[in-house]
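# Coordinates in review
Given next are the chains, with one letter for each unit.
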Amino acid sequence: MKKYISILILLSFVIPAVGQESQTLSLSLQEAMLRARSNSVDAEVALNQLKSSYWTYRSYRAELMPELSLSATVPSYRQQFSPYMNNEGSYDFVRNNYLQMNGELSVTQNIWLTGGKVAVNTSLDFYRQLGKHPYNQFMSIPVAITLSQPIFGVNNIKWDRKIEPVRYSEAKARFLSASEDVATYAIQYYFNLLMAKENFSIAQQNLDNAHRLYDVAKEKREMGRISQNDLLQMELNLLNAQTDMTDCESNLKSNMFQLRSFLDYGENVDIEPQIPIDVPEVEITYSDALEKALANNQFAKNMLRLQLEADYNVAKAKGAQREINLFAQLGYTGTDHDFAGGYHNLRSNQVVEIGFEIPLVDWGRRKGQVKVAESNRRLVESQVRQETQNFNQNLFILVERYGNQLRQLQTAKRADEIAQKRYATNVETFLIGKISTLDLNDSMVKKDEARREYVNELYLFWLYYYQIRSLTLWDYQADTGIDADFDTIVKNY
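Below or above, wherever it landed, is the structure these notes cover. Bear in mind that the values here come from a model prediction, so they are computed numbers and not experimental data. (Residues numbered from 1 in each chain as written. Predicted model: local features only at pLDDT ≥ 70, side-chain atom pairs only at ≥ 80, totals over all residues. Heavy atoms only, no water.)

## Observations regarding the overall build of the protein
- Secondary structure assignment for the protein yields 10 helices and 10 strands.
- In terms of overall dimensions, the protein is more spread out than a globule: its C-alpha atoms have a radius of gyration of 40 Å, far above the 23 Å expected for 493 residues.
- Structurally, the protein occupies a C-alpha span of about 135 × 80 × 45 Å along its principal axes.
- Taken across its 493 residues, the protein has 37% of its residues classed as buried.
- Sequence separation of 24 or more characterises 76% of the internal contacts of the protein that already satisfy a separation of 6 or more.
- Of the accessible surface of the protein, which amounts to about 29,600 Å², a share of 53% is contributed by carbon and sulfur atoms.
- The centroid of the 53 positive side-chain charges in the protein is displaced by 4 Å from the centroid of its 60 negative side-chain charges. (Helix = DSSP H or I, 4+ residues; strand = E, 2+ residues; numbered from the N terminus. Rg over C-alpha atoms; globule rule 2.2 N^0.38 Å. Buried < 20%, exposed > 50% of the residue type's maximum accessible area, 1.4 Å probe, protein only. Contact = heavy atoms within 4.5 Å. Areas by Shrake-Rupley, 256 points an atom, 1.4 Å probe, with all protein chains shown as cover. Lys, Arg positive; Asp, Glu negative; His and termini not counted. Charge placed at Lys NZ, Arg CZ, Asp CG, Glu CD.)

Okay, structure coming up:
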């Protein structure tokens, strides 16, 4: 028994240790973007925003459909004193003891064209007088049609039918753009780690070469083939390489943690980024990108919504200058001491009311509200024009940068290849004493700069490409629009 307990105690220490072993994960840029779209916090925020907009739109759509409702009070019991006015106009308090129940079933429909509301309802009221002389009383309304209609007020339903579909379309475009923005963030974090990894590799290579060259330099100094100054320079290079190695290692760990957290990986995962050599060589023109952006991007829909809302506020302010409402009810009603009798000998039940409120003297308050709404509309129109100009300008600059970036990338790639070969050649040449340490250091610096420049140009290319995708919502490689099954997304996640 003691033997088994010892084994279990040993396993309790071994198993957690095994669980903490680091795991190296080779991750491509496309894989990082795909995981970011589904696992990052930014993607979750975009999804929750879409859900909120989806249910807001569903609520608006429900307002356009008939509503079936049931209201009831079962029961209401009262035993109390109530004030009663007699024929002489004085009040007495009388004792009341009764039981009451009522219920109503109604179907209500908003009228899209006029902004009114029509309802068909049926109801039944039951009254039971208690006490010394109890009796029952029923009142039924088998059917009644009710119309409520504002005469001069703003038609809110008409404006909702204009604004709400645009608002939801804007929300869908915002979600798609947010998904592309998440991919853009993934590109930034990915290339930060990739650059840190390249810097670490460069520092490691430079440190190895510094050790090697310093050892060779010591041998040459002993033979008198180089000066003491050159030897000290090689030792200084070694010390600088060691310092650079420490800094690059710290930076690598920092960027590793950042990308790992963004992609929702555990702390025991070491991501190994790969240089995305294959880039999409697609031609993008400004006119084509602008056309797609205005058709798909949330910006155009947002500008349209702002204009519609400004028009709505003007119409609402004008409608508030006077208010006239029509209320009409047509139906039948019956009363009796028993249930069946309440549905016989029916009589007409009609109500027609027209109420109005017209300000006679308001010192220009309502007129001022109209002027404010009209001024705000003109302000929105100016802001829309300004925002449109800025949007078009930013898109033009982005497309131009993308167009130049492919050439920049090709140049940087060739420069990196040349710098790597030049440095390798200079190392061998230095070993046989044909070049000085200054020439060797210069080639090393140029080699490191060329490598970093190539990775940076790759980063800019992918960044510009996905920024254009985010603005146009167009997949240029597949030559198709970026879309999604929003109902499935909202219901399944």
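## Observations concerning the packing of helix α3 (residues 41-63) against helix α4 (residues 156-223)
- One can describe the packing of α3 onto α4 by two numbers: an axis separation of 9 Å at closest approach and a directional angle of 170°. Here α3 lies roughly antiparallel to α4, going by the angle between them. Together, Asp 42, Ala 43, Ala 46, Leu 47, Gln 49, Leu 50, Ser 53, Tyr 54, Tyr 57 and Tyr 60 of α3 and Asp 160, Arg 161, Glu 164, Pro 165, Tyr 168, Ala 171, Lys 172, Arg 174, Phe 175, Ala 178, Val 182 and Tyr 185 of α4 make up the contact between the two elements.
- When grouped by side-chain class, the residues that make up the contact of α3 with α4 number 14 nonpolar, 2 polar and 6 charged. (Axes fitted to C-alpha atoms, helices over the stretch in contact; angles between N-to-C directions. Parallel < 35°, antiparallel > 145°, perpendicular 65-115°, else oblique. Nonpolar A, V, L, I, M, F, W, Y, C, P; charged D, E, K, R; others polar.)

## A look at a nonpolar patch on the surface
- On the surface, a cluster of nonpolar side chains totalling about 820 Å² of accessible area is made up of Leu 68, Leu 70, Leu 105, Val 107, Val 120, Val 143, Ile 145, Tyr 332 and Leu 346.
- At the level of secondary structure, the elements contributing two or more residues to the nonpolar patch comprise β2 (67-85), β3 (91-110) and β5 (135-150).
- Relative to the helices and strands, Leu 105 resides in strand β3. (Patch = residues over 30% accessible without salt bridge, like charges linked within 9 Å, V, L, I, M, F, W, Y side chains within 5 Å. Salt bridge = Lys/Arg side-chain N within 4 Å of Asp/Glu carboxyl O.)

## Remarks on the pairing of β5
- Two elements, strand β4 (residues 117-129) and β5, share 12 bridges in a ladder whose sense is antiparallel. Residue pairing in the sheet places Asp 125 in a bridge with Met 139 of β5.
- Of the pairings in the sheet, the one linking β5 to strand β7 (residues 323-336) comprises 10 bridges and is antiparallel in character. Within the sheet, the bridge partner assigned to Ser 148 lies in β7 and is Phe 327. (Pairing = 2+ DSSP bridges.)

## Let's talk about the packing of α4 against helix α7 (residues 298-319)
- For the pair α4 and α7, interaxial distance at closest approach is 9 Å and the crossing angle is 160°. Between α4 and α7, the crossing angle belongs to the class labelled roughly antiparallel. Relative to α7, α4 is oriented so that their crossing is left-handed. Across the interface between the two elements, Asn 156, Trp 159, Lys 162, Ile 163, Val 166, Arg 167, Ser 169, Glu 170, Ala 173, Arg 174 and Ser 177 from α4 touch Gln 298, Lys 301, Asn 302, Leu 304, Arg 305, Leu 308, Glu 309, Asp 311, Tyr 312 and Ala 315 from α7. (Left-handed = near helix turned anticlockwise from the far one by under 90°.)

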